[in-house]
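Architecture at a glance
Residue strings, one per chain:
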Amino acid sequence: MLVACLAFGQQSKSPSALSGVASASAITPSTDASAAAAEVLEFEKNMEAAVVRGDVAYVDRVSARDLSFTHGDGWTTGGKPLLVDDRKSFLKRVENKQYLARDLDSVKVELHGDIAITYGRYVAQNREGDPQRSWFSVWFERVYAKREGHWLYVSHRTVHGPTYGPNRQSVSDK
Amino acid sequence: MRLLLVVLLLAPPAFPAESTAAAAEVLALERKIEDAVVRGDVAYVDSVLARDFSFVHGDAWTTGGKPLASDDKAAFLKRVADKEYLVHDLDLVKVETHGDIVITYGRYVSLYVPRSLGANPPRLNSIWFERVYAKRNGQWQFLSHRTVHGPTVSPAGVDPSAQPSTPAARP
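Basis of the calculations
Residues numbered from 1 in each chain as written. Chains lettered and ligands numbered in written order. Predicted model: local features only at pLDDT ≥ 70, side-chain atom pairs only at ≥ 80, totals over all residues. Helix = DSSP H or I, 4+ residues; strand = E, 2+ residues; numbered from the N terminus. Buried ≥ 20, exposed ≤ 12 C-beta atoms within 10 Å, placed from the backbone. Contact = placed C-beta atoms within 7 Å. Pairing = 2+ DSSP bridges. Axes fitted to C-alpha atoms, helices over the stretch in contact; angles between N-to-C directions. Arc of directions from axis to C-beta. pLDDT = per-residue confidence, 0-100.

Some words on the overall build of chain A
Within chain A, the regular secondary structure consists of 6 helices and 6 strands. Order of helices (α) and strands (β) in chain A, N terminus to C terminus: α-α-α-α-β-β-α-β-β-β-β-α. By residue count, 33% of the 174 residues in chain A fall in the buried class. Intrachain contacts of chain A at a sequence separation of at least 6 include 53% that bridge at least 24 residues.

Here it is in C-alpha cells:
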C-alpha cells in the first residue's frame, strides 16, 4: 500500500524519482495476444519505414479515413498541441519525404481485441530546417484498429516531446 | 446505378452528426463512470469496463519509465469497492472520435483516501490522461486509461503545471 500512497498522494513527475518505487503489475498475455502484439509492432515498423521512403500509397492504405496525428505534448497539460494532422496533411508529409529517419524504440503494446494501443518512442530526423534541431525524439501513444482483417492506423498523440538536437546522439536519451 | 452515383456524390463526405453524438455519449459515460467510482458503485463500473480493461497510473511511462501502478479490471474494481476516491472531478476533457472508437483526453482532480493513508491528510491531485473507449454490441466500453501527466499535487484543484489552453494575447 506504500506504493499506492506514493502514487496518489504525492507529486510525482520525475521518471528517475519513480523508478524502483513501484513496478507495474504484469498482465501475462496469451499466445494469441502475443501474436497480435507482434503483428501490431511489425505493422507500426512497416508504416514508419513507408513514411521515410515517401510511400504514400502504402501509408494511405494502412491509415484510417479519420486518422489523427497530434504533434507535441502541450495537450498533456491542457495546452495546445504544436499541430494536428488529419489524414490528408499527414500524407502530404509522406509525399514530401519530410523525414530522413523515424526509428522506433522502446515500443510496447496494450491489446484490446481488435484495438491495439502502442506506446513508446521514435527518434527522427527532418530533411530540412535548422541543423541544430534536425533530430528529435518523440514519445507517443497510438491507437490501431483491426478492420476486415487488417490493422489501420487511427491515432497518434505525442505524450512527451519533441525534444530536438543536432544529431541522433543528442536526443537518444531524451 | 446512375441514381446511386448521384446520391453518393450528394452525400456529405463525413459523418459530423454521428461523430458529435458519439462524442457526447462518451463524455456523458465518462462522467457517469467517475461518479460511480466515487460512490463505490462496483456493479455500474463493472458493466462499462471492457473485460481486458487497463488503467495505468502515473506518467513515468511517457519517458520510458515504469508506471506507478497498472490496474486490470479486477484491481480497478477493488479500488471502487474500497471507495478509495472521495473526489474524481473531470475537467477540460476533449474528444477525438473515430467511428466506434473514441479517445478522450483531459484531466480530473482526485482526492485519494485509501485505508492505508493513516494519519496522513489526503491531498488533491491533478491527473491528465488519455483514454480509449470502444462501442461494442451497441454499448460504449471503457478500454484504457493512461496518465499522461501527473499525479501533481493541486491545492484547491489548481494544477501548477497546467498550461493555458490558449496562448496569451500579445500587445
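Okay, back to it.
What to know about the overall build of chain B
Summing up its helical and strand segments, chain B has 4 helices and 6 strands in all. Scanning chain B from its N terminus toward the C terminus, one meets helices and strands in the order α-α-α-β-β-α-β-β-β-β. The proportion of buried residues among the 171 residues of chain B is 39%. Considering only contacts within chain B whose residues lie at least 6 apart along the sequence, 54% involve residues at least 24 apart.

A few points about the sheet that holds strand S5 (residues 124-136) of chain B
Residue and element names in this part refer to chain B. Taking strand neighbours across the sheet as the criterion, the 6 strands line up as S2-S1-S6-S5-S4-S3 in an open arrangement whose pairing is mixed. The open sheet has two free edges, formed respectively by strand S2 (69-72) and strand S3 (85-98), since each of these has just one partner strand. Here the average twist between neighbouring strands, direction ignored, is 15°. Of the strand pairs in this sheet, strand S1 (residues 49-57) and strand S6 (residues 139-153) are connected by 4 bridges, and their pairing is parallel. Of the residues in S6, the one forming a bridge with Val56 is Arg146.

Here we look at the sheet that holds strand S3 (residues 99-112) of chain A
All names here are of chain A. Taken in spatial order, the 6 strands line up as S2-S1-S6-S5-S4-S3 in an open sheet, and their pairing is mixed. Two strands in the sheet have a free side with no partner beyond their single neighbour: strand S2 (83-86) and S3. Adjacent strand axes in the sheet meet at a mean angle of 15°, parallel and antiparallel pairs treated alike. Relative to S2, strand S1 (residues 63-71) runs antiparallel, the two sharing 4 bridges. Looking at S2, one finds that Ser68 is bridged to Asp86.

Thoughts on the pairing of S1(A)
Across 4 bridges, S1(A) lies against strand S6 (residues 150-165) of chain A in parallel orientation. Directly across from A:Ser68, in S6(A), lies its bridge partner A:Ser155.

Structural notes on helix H4 (residues 73-81) of chain B
Because an α-helix completes one turn every 3.6 residues, residues spaced three or four positions apart along the sequence face the same direction. Residues and elements named next belong to chain B. Within H4 the residues assigned to the buried category are Phe76, Arg79 and Val80. Projection of H4 onto a plane perpendicular to its axis shows the buried side chains occupying an angular sector of 100°, all on one side. Facing away from the buried side of H4 by over 90 degrees, the exposed positions are Ala74 and Lys78. Within two residues after H4, Lys83 carries a phi angle of roughly 50°, on the positive side.

Structural notes on the confidence of the model for chain B
Residues and elements named next belong to chain B. In the predicted model, chain B carries a mean pLDDT of 88, and the fraction of residues at 70 or more is 85%. Ignoring residues within four places in sequence, the model shows residues 166-171, a span with pLDDT below 50, making 0 contacts including any to other chains. Reported for the predicted complex are a pTM of 0.85 and an ipTM of 0.86.

Digging into the environment of A:Ala145
Tracing the sequence through the fold places A:Ala145 in strand S5 (residues 135-147). Residue classification places A:Ala145 among the buried positions, given that 21 C-beta atoms sit within 10 Å. Among residues more than four places away in sequence, those in contact with A:Ala145 are A:Ala64, A:Asp114, A:Ile115, A:Leu152, A:Val154 and B:Ile101.

Here we look at unusual backbone geometry
Most peptide bonds adopt trans geometry, and most residues besides glycine take a negative phi value. Here the bond from A:Gly161 into A:Pro162 is cis, since omega is 0°, no more than 30 degrees from zero. A cis amide bond, omega 5°, links B:Gly150 with the succeeding residue B:Pro151. Tracing the chain through its elements places B:Pro151 in strand S6. Despite not being glycine, A:Ser106 shows a phi value in the positive range, around 60°. Along the chain, the position of A:Ser106 falls in strand S3. A positive phi angle, close to 50°, is found at B:Asn137, a residue other than glycine. The residue B:Asn137 is located in the loop between S5 and S6 in this model. A residue is classified by how many C-beta atoms lie within 10 Å of it, and B:Asn137, with 5 of them, is exposed.

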